[in-house]
Amino acid sequence: MDSFYALFTRYLTERAKGQKLNWAKIKSPKPEQIIPYAKLPALSPDQNRENLRKLAVLKLNGGLGTTMGCVGPKSAIEVRDGMSFLDLTVRQIEYLNDTNAVNVPLILMNSFNTDTETSRIIQKYSSHSVQLMTFNQSRYPRVEKESLLPLAKAYDAPTGMWYPPGHGDLFESLSNSGLLDKLIEQGKEYLFISNVDNLGATVDTNLLGHFASSGAEFVMEVTDKTKADIKGGTLIDYNGQVRLLEIAQVPSEHTDDFKSIKKFKIFNTNNLWVSIKAIKRLIEDSAFSMEIIENVKTTDGGEKVIQLETAVGAAIKHFNGAHGVNVPRSRFLPVKSTSDLFLITSDLYALHHGLLVMNPKRHFQTVPLVKLGDHFKKVNQFLSRFKSPPHILELDHLTVTGDVSFGSDVVLRGTVIIVANHGSRIDIPSGAILDDKVVSGNLRILDH
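Computed from a prediction, not measured in an experiment: that's the story for all the values here.

Rules used in this analysis
- Residues numbered from 1 in each chain as written.
- Predicted model: local features only at pLDDT ≥ 70, side-chain atom pairs only at ≥ 80, totals over all residues.
- Heavy atoms only, no water.
- Helix = DSSP H or I, 4+ residues; strand = E, 2+ residues; numbered from the N terminus.
- Buried < 20%, exposed > 50% of the residue type's maximum accessible area, 1.4 Å probe, protein only.
- Polar contact = N/O pair within 3.5 Å; in protein donor to acceptor, adjacent residues only side chain to side chain.
- 1 Å grid on protein atoms, 1.4 Å probe; cavity = no way out; pocket = protein on both sides within 12 Å on 5 of 7 lines; lining within 4 Å.
- Points joined across faces, edges and corners; volume = space filled by probe spheres on them.
- Axes fitted to C-alpha atoms, helices over the stretch in contact; angles between N-to-C directions.
- Parallel < 35°, antiparallel > 145°, perpendicular 65-115°, else oblique.
- Contact = heavy atoms within 4.5 Å.
- Pairing = 2+ DSSP bridges.
- Expected span 1.5 Å × (residues − 1).
- Arc of directions from axis to C-beta.
- Salt bridge = Lys/Arg side-chain N within 4 Å of Asp/Glu carboxyl O.

Below, the discussion takes up the side chain of Asn-61. Along the chain, Asn-61 turns up in strand β3 (residues 55-61). With relative accessibility at 1%, the residue Asn-61 sits in the buried group. In terms of polar contacts, Asn-61 uses its side chain to reach the side chain of Ser-75, at 2.6 Å.

What follows is the structure in structure tokens.
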């Protein structure tokens, strides 16, 4: 609990001093702090192979699938062709290893919420050509908001009194598990970190080559912000240093500035390339001191509690030569909702060795904007409302609200809005083509 005590003490100190970010010092990153992906050189197969031999891949696997109505780790949710996030990740790494004759290990950072079930699931990968390792992030006690006392009074207190303290805990937990030293013993020098639910976060040899040759200890993949990403963390220049700015750190009077696409044009994908030796040095120097995110929650009993968390990307300020690379949007394909799942399961993407690739028949590389209503919120509800995934190669925008179901081989083009008002139901018939259409009212089709 030493690390929790240190975090909590720092929180109280900062709170007492009223320490806040000085908004006047926040500037857009300098050109040398953000490098365009298009400027990265491609390397020879031999150079790529040499870099891959020094690489390990780490997936953040601490989250549950509860927001999408699923039980257990989010990584176990089936997302494409009967395969889960974990299945696709293992296939990607296996293909990478087989085609390059290397041994890139796959590491999962679990939380106490996901560890038991993940350990059971990964047994099925024992015959795959992937070295799979897991470790647990820390478990901290929730703190009562009024008294500032921990809810848990003993190590065996009920699970609901504890929380995983955000992915900023990664470096310390990796070290405590012994895996950091193990990676160094294996000759690994580079760590590629990403969220397990980001299906675009694959090993890119151009990015790896740039990281290896640049001498930087930390590279963050950023991508252009759209109106859908206004809450995402962004890179800033603060006192001449590149730093991550999260919305939780922004004073309320500047929230609109933070959300502005004009002022902050990029956001953090949480795809990170980090030097393993640098992690070891910073751990030994006790140098990690990421910004504290105060997360207020309500317990099942209605009590307000505080969770103190940190973000792994905020560690960028501690590493030498740290900078961002502005990558294509295709490297950010998270599945946070069934609206995202709708896109992933459609003909917009093809699957190649666990990697999702946009269908070349799509005339433009942007992804349609999809908003599915509450009737589609849970995965089982979502699946029950489609006989088969609609064809959306020419779709720009889809909004669906109310009790709506889709038959098989439905084609959606342009802007499609379907609204079933309260008490009404709409069945889109099999084979229907909706091209720039608004559908509302009541439409029921019965099978016979």
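Enumeration according to the criterion identifies 1 cavity of 30 Å³ or more in this entry. Looking at the largest cavity, its volume works out to about 40 Å³. If you trace the largest cavity, you find it lined by Lys-59, Thr-89, Gln-92, Val-196, Asn-198, Leu-199, Gly-200, Ala-201 and Thr-202.

Here the focus is unusual backbone geometry. Although it is not a glycine, Asp-81 adopts a positive phi angle of roughly 50°. Inspection of the secondary structure puts Asp-81 in the loop between β4 (78-80) and β5 (83-84). Residue classification places Asp-81 among the exposed residues on the basis of a relative accessible area of 57%. If you check the backbone angles, Asn-270 has positive phi at about 65° while not being a glycine. Structurally, the position occupied by Asn-270 is in strand β15 (residues 266-275). For Asn-270, a relative accessible area of 7% translates into the label buried.

What follows is about the packing of helix α2 (residues 45-52) against helix α7 (residues 205-214). For any two helices packed against each other, one specifies the crossing angle of their axes together with the interaxial distance. At a minimum axis distance of 10 Å, the contact between α2 and α7 shows a crossing angle of 70°. One finds that α2 runs roughly perpendicular with respect to α7. For the pair formed by α2 and α7, the contact residues are Asn-48, Asn-51 and Leu-52 on the first element and Thr-205, Leu-208, Gly-209 and Ala-212 on the second.

Taken in spatial order, the 3 strands line up as β1-β13-β14 in an open sheet, and their pairing is antiparallel. Taken across any chain shown, the strands that pair with only one partner, and hence form the sheet edges, are β1 (26-27) and β14 (241-245). Pairing between strand β13 (residues 234-238) and β14: 5 bridges, direction antiparallel. Among the inter-strand pairings, Ile-236 is bridged to a residue of β14, identified as Arg-243.

Here helix α1 (residues 2-17) spans 23 Å end to end across 16 residues, near enough to the 22 Å set by a 1.5 Å rise per residue. Residues of α1 that are buried include every one of Phe-4, Leu-7, Phe-8 and Tyr-11, and no others. In a view along the axis of α1, the buried residues occupy a sector of 95°, so they form one face of it. Opposite the buried face of α1, at more than 90 degrees from it, the exposed residues are Asp-2, Tyr-5, Ala-16 and Lys-17. Elements in contact with the buried residues of α1: β8 (140-141), β9 (143-144), β10 (162-163), β16 (293-298) and β17 (304-309). Count one or two residues on from α1 and you reach Gly-18, which has phi positive near 65°.

The tally for this structure, following the rule as stated, stands at 20 salt bridges. Between Lys-280 and Asp-181 there is a salt bridge whose closest N-O contact spans 2.8 Å. You can see Lys-280 sitting in helix α9 (residues 276-284) and its partner Asp-181 sitting in helix α6 (residues 179-185), a full 99 residues away along the chain. Residue class for Lys-280 comes out partly exposed when judged on its relative accessible area of 23%. Assessed through its relative accessible area of 32%, Asp-181 is described here as partly exposed. Among the ionic pairs, Asp-435 bridges to Arg-413, the shortest N-O distance being 3.9 Å. Of this pair, Asp-435 sits in strand β26 (residues 433-435) while Arg-413 sits in strand β24 (residues 411-419), and the two are 22 residues apart along the sequence. The class of Arg-413 is partly exposed, set by a relative accessible area of 26%. Each of the salt bridges in this network shares a partner with another, and the network as a whole consists of Lys-74, Asp-197 and Lys-336.

Here Gln-137 shows up in the loop between β7 (132-136) and β8. Side-chain polar atoms of Gln-137 contact the backbone oxygen of Gly-166, separated by 3.1 Å. Contact partners of Gln-137, with chain neighbours within four places excluded, come to Gly-62, Met-109, Asn-110, Ser-111, Pro-164, Pro-165, Gly-166, Asp-169 and Ser-173.

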